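# Report on the structure
What follows is the residue order along each chain.
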Amino acid sequence: MTWNLIGHTWAEALLKQHITHGDVRHAYLFVGAPGVGRRSLALEFAAAINCTQPPAPGEFCGQCRTCSQILAGQHPDLAIVRAEGDSQTIKVDQVRNLQHSLSLAPYAAKYRVALLCDFQQANANAQNALLKTLEEAPRQVILLLTADSAENLLPTIASRCEILRLRPVSVEALTTSLQERWQIPTEKARLYAHLANGRTGTAIQYS
């Protein structure tokens, strides 16, 4: 299947190129406003690098066990780290637990993938702890970070990642997609697209 994204075609093309040329980086940072598609892009990239039956270079089938589990966020070689508790902070213990799992060989996939969501919510100790892994990532590990802005992370973290800055799509394009993909009536689709300011995930939440 093709990547199921709305907009971000340049980012999709770049990531496909990295896969096709065997030039996948050890760390990527997807930045942009909440709801713009950072997590979706990261998961589809994780599926594409691990798909067992890719229909074409850089693509993923979406049907094999690996794809299905990764896209659902449930694959044994996919670790997802996000803020926990009332503090809404990513803490150093979470990063250390992640580092232990990344030190192990992949269980079923080609790569172990760590998805660190909204990493601007990590405290200073957690960000510093991740630096060691960014500097000395195991060969079969890919780190995918999302954040609202690269400037809200330690400069040493951002500098060690390939940064992809995602922008909202046009209201017109989002309106059309809401109509065609989710069968939302025209007027509601236009309203949701405007309220979301071109952020797909936010518009879907409104629906």
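An account of the accompanying structure is given in this report. (Residues numbered from 1 in each chain as written. Predicted model: local features only at pLDDT ≥ 70, side-chain atom pairs only at ≥ 80, totals over all residues. Heavy atoms only, no water.)

## Some points on the pattern of salt bridges
Overall, the coordinates contain eleven salt bridges when judged by the stated rule. Note that E12 is salt-bridged to K16, the shortest N-O span being 2.7 Å. Taken together, the residues E12 and K16, both in helix α1 (residues 9-20) and four residues apart, mark about one turn of the helix. Residues E135 and R160 are paired through a salt bridge, measuring 3.1 Å at the closest nitrogen-oxygen approach. Placement of the pair is E135 in helix α5 (residues 124-135) and R160 in the loop between α6 (155-158) and β5 (162-165), with a sequence separation of 25 residues. By sharing partners, the salt bridges in this structure join E12, K16 and E59 into a single network. (Salt bridge = Lys/Arg side-chain N within 4 Å of Asp/Glu carboxyl O. Helix = DSSP H or I, 4+ residues; strand = E, 2+ residues; numbered from the N terminus.)

## Examining the environment of K91
Checked against the element boundaries, K91 lands in the loop between β2 (78-81) and α4 (92-102). Along the sequence, K91 and A124 sit 33 residues apart, while their C-alpha atoms lie 8.6 Å from each other. Contacts of K91, omitting those with residues within four sequence positions, involve N123 and A126. (Contact = heavy atoms within 4.5 Å.)

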